[in-house]
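For reference, the chains in residue letters:
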Amino acid sequence: MGNDVASARESAKTEETRRRRRARVILAALLASVVLVYLVCVSLGSSQIPLGRVWDAILGNPYIWSDDLIVNTLRGPRVLAAAIIGAALSLGGMAMQALFRNPMASPSVLGISSGSSFGAAFYIAIGAGIWLSSWGTVICSFACALAVLLLVYMLAYSKHGGTQTTVLLLAGMAVSALFSGLTSMIEFFSDADTVQSIVFWMLGSFDGMSWNDDLTMLVPVIAGSILICLNLRELNLLTAGEAKARNLGVNVPRVRLMLLIGSALLVAGTVAFCGVIGFVGLIIPHAFRSIVGPEHKRLAPICILGGAIFLMIIDTFARSALPPYELPVGTVTSVIGAPFFLWILRSRKNMLWRT
Amino acid sequence: MVRLKVEDLKFSHGKKPILHGLDVEIRDGEVIGILGQNGSGKTTLLNCINTTYRQSKGSVAVADFSADVLDSPRELEDMMDIRSFTDTERSRIIATVEQNSFMSFPFTVMDTVRMGRYSRAGILDESDEEETEKVLSCLEETGILDFASRNVSELSGGEWRRVMIAQALAQEPEVLLLDEPTLHLDINHQFELMDLCRRIVARGGILVAIVTHDLQLAARYCDRVIVMREGEIIANGPAKEVITEDMIAEVFGMRSRVAWDDEIGGMSVFLIDRIYN
């Protein structure tokens, strides 16, 4: 009997070590591929540059001058932007799915995206006339996104039951619809040029991103990531519900606030630069959760790298699939992402969610 | 030697009063059973003790708990109101196994039980050898070592219940609150669970309060029994004095036979039928 117990303890430990090692291997593989994918994505496009020349151009001795322009001014910052945004959206989505205990939670379902869009449209159509600044769209879009998220959360919150999933989704849908309606109303009353800028913004694009944009974007993204990564253990506990997490010692109001602000910084901070990019925050966390399990300390770094790789590839596809046209990246994430997600849903359902 | 003292505890849901001023004291080494019909306020009492319901009136206080529950050393009064602790401090004193709970993601049993270590272990030493051994001991104690690596989404109701109890033990609590812990368990595991309660209480430094509908188990395993009706305590005393044929008739509307049983070494409760009138 005693032997049985000892061997059961051993096998439990071995199994856990195996799990952890597997996550570490995946993490290392992703870390290597993130660099490789960056280089490949910079090399691909309407004019292709061999990998060796990409490398030379990055090191500062381009083969011909156009290599320098393409690698260091046009594609380099753009691919980096895709990586940052992909990482931010998937980390934000991961946090929200755990906080709201809902597999459908993502920036778009909770209305953050439509809040961002409203903020951007409001600034493009009205705000710019009052206060002209290159930061206007970013600030306006960010503020609206945060306001919408808080509104949805407050509507779904009840004193005794914590957040109620159904109420949350309904509140998110309603508030989302409200802000989409307001955005349409702004478009209706605007002239054709303004409407075009708004629509273009909302389709989502990484066109014209500069190193400067990348750096600016990193500020909210790093701040948001820190807020979320400080609470990875708490995210695990929150999936048991807020009351249970509190009984286990979590300071729920503080953690919830940090997570909400963190997610809003990640999503609003990136969406403000590139427009709405759907689906990344939904499918990347689910895809990797089905591989490495839901333990957030293991999942978070993998989500960050996986999201970066995913969006770099999607963006490269969007700009090189049908030359000379460029597909809006937001539409490609949905068109490619949805079938991929459905495949995961069908094949590994029990790893996604409590069934 | 930890003590839990509830004094004049009142609680209302909106305007509807649920608890009308309860007084209970529970001491170290005691297993106390809380009996009563549905809606008599049993679960509410637990939720007021663990402060899930924060708007309760009156006092819930603990005394003589070990000093290592505090985040930082400070002046203590004899009786410390439970609301004066931080969330982490409180979770080192009180662990609760709720009636209904679920995880939204398919964590492994091991990861789930490890969550009980949240307030005891830092994020960095959470997965070190010593911590892992402690988690494994909790799994062993509740007899779930064999499915340590399974996903919680694949467990039966009874298996899940034992995981939650292991998680509560991982908190190393001094007050353990169990809300109908034997629900969903097969008969064998019901008795196993009650044996477990007796075992941890025998080690000292902990008291256990169990909300239950099972008069048989309460009569056999609880040192003391509280009977609640409509938000009031109508009986409080040793199990063999409180669980009587008259009480069962009055509170539960059941005819029964309660007798001392030499083989059990305790009271046996036999329910006969409902009382119609």
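Before reading on, note that the structure itself is shown above.
A few points on the structure. As the structure is a prediction and not an experimental result, all values here were calculated from the model. Position numbers for residues start from 1 in each chain and track the written sequence from start to end. Going through the entries in the order they are written, you letter the chains from A and number the ligands from 1. Residues qualify for local features only when their pLDDT is at least 70, as the model is predicted, and side-chain atom pairs are given and counted only at 80 or more; totals for whole chains, interfaces and linings, by contrast, use all residues.

1. Digging into the pairing of strand 12 (residues 266-274) of chain B
Residues and elements named next belong to chain B. Inspection of the sheet shows strand 11 (residues 254-261) paired to strand 12 by eight bridges, in the antiparallel sense. Of the residues in strand 12, the one forming a bridge with arginine 257 is phenylalanine 270. The pairing criterion for strands is at least two bridges between them, as found by DSSP. Comment: elements are numbered from the N terminus, with helices defined as DSSP H or I runs of at least four residues and strands as E runs of at least two. In textbook terms, the turn of a hairpin is the stretch between consecutive antiparallel strands, and for strand 11 and strand 12 this stretch comprises four residues, one of which, glycine 265, has a positive phi near 75°.

2. Side note on the sheet that holds strand 5 (residues 80-81) of chain B
Where strands meet in a sheet, backbone hydrogen bonds hold them as pairs that are either parallel or antiparallel. Residue and element names in this part refer to chain B. Read across the sheet, four strands follow the order 2-1-4-5 without closing on themselves; strand pairing throughout is antiparallel. Each edge of the open sheet carries a strand with a single partner, namely strand 2 (16-27) and strand 5. Pairing analysis gives six bridges linking strand 1 (residues 3-13) to strand 4 (residues 57-63), with the strands arranged antiparallel. Looking at strand 4, one finds that leucine 4 is bridged to valine 62. For the purpose of contact definition, each residue receives a C-beta atom placed from its backbone, and two residues are in contact when these atoms lie within 7 Å. In this description, a line fitted to the C-alpha atoms serves as the axis of each element, helices being fitted only across the stretch in contact, and the angle between N-to-C directions of two axes falls anywhere from 0 to 180 degrees. Its contacts with the sheet put helix 1 (residues 42-49) on strand 1, strand 2 and strand 4, and the angle it makes with strand 2 is roughly 65°.

3. A closer look at the sheet that holds strand 8 (residues 207-211) of chain B
Residues and elements named next belong to chain B. Sheet architecture is open: six strands sit in the order 6-7-8-3-9-10, paired in mixed fashion. What marks the edges here is a single partner per strand, and that holds for strand 6 (94-97) and strand 10 (232-238). Between one strand axis and the next, the sheet turns by 15° as a mean value, whatever way the strands run. The pairing of strand 3 (residues 31-36) with strand 8 spans four bridges and is parallel. Opposite glycine 33, over in strand 8, you have isoleucine 210 as the bridge partner. Against the sheet, helix 1 engages strand 3, strand 6, strand 7 (175-179), strand 8 and strand 9 (224-229), with an angle of about 150° to strand 7. Across the sheet, helix 5 (residues 157-170) touches strand 6 and strand 7, and the angle it forms with strand 6 is around 175°.

4. Looking at the environment of B:Ala202
Tracing the sequence through the fold places B:Ala202 in helix 6 (residues 187-202). Taking the C-alpha atoms as reference points, B:Ala202 and B:Leu183, separated by 19 residues in sequence, lie 24 Å from one another.

5. Quick notes on the interface of chain A and chain B
Chain A puts 31 residues into the contact, and the matching count from chain B is 30 residues. Elements with a minimum of two residues in the side of chain A that touches chain B: helix 1 (2-43), helix 9 (232-238), helix 10 (242-247) and helix 15 (349-352) of chain A. Take the side of chain A that touches chain B: its biggest share by element is seven residues, from helix 1 of chain A. For this classification, Asp, Glu, Lys and Arg are treated as charged, while Ala, Val, Leu, Ile, Met, Phe, Trp, Tyr, Cys and Pro are nonpolar and the rest, including Gly, are polar. Across the side of chain A that touches chain B, the residue classes break down as eleven nonpolar, nine polar and eleven charged.

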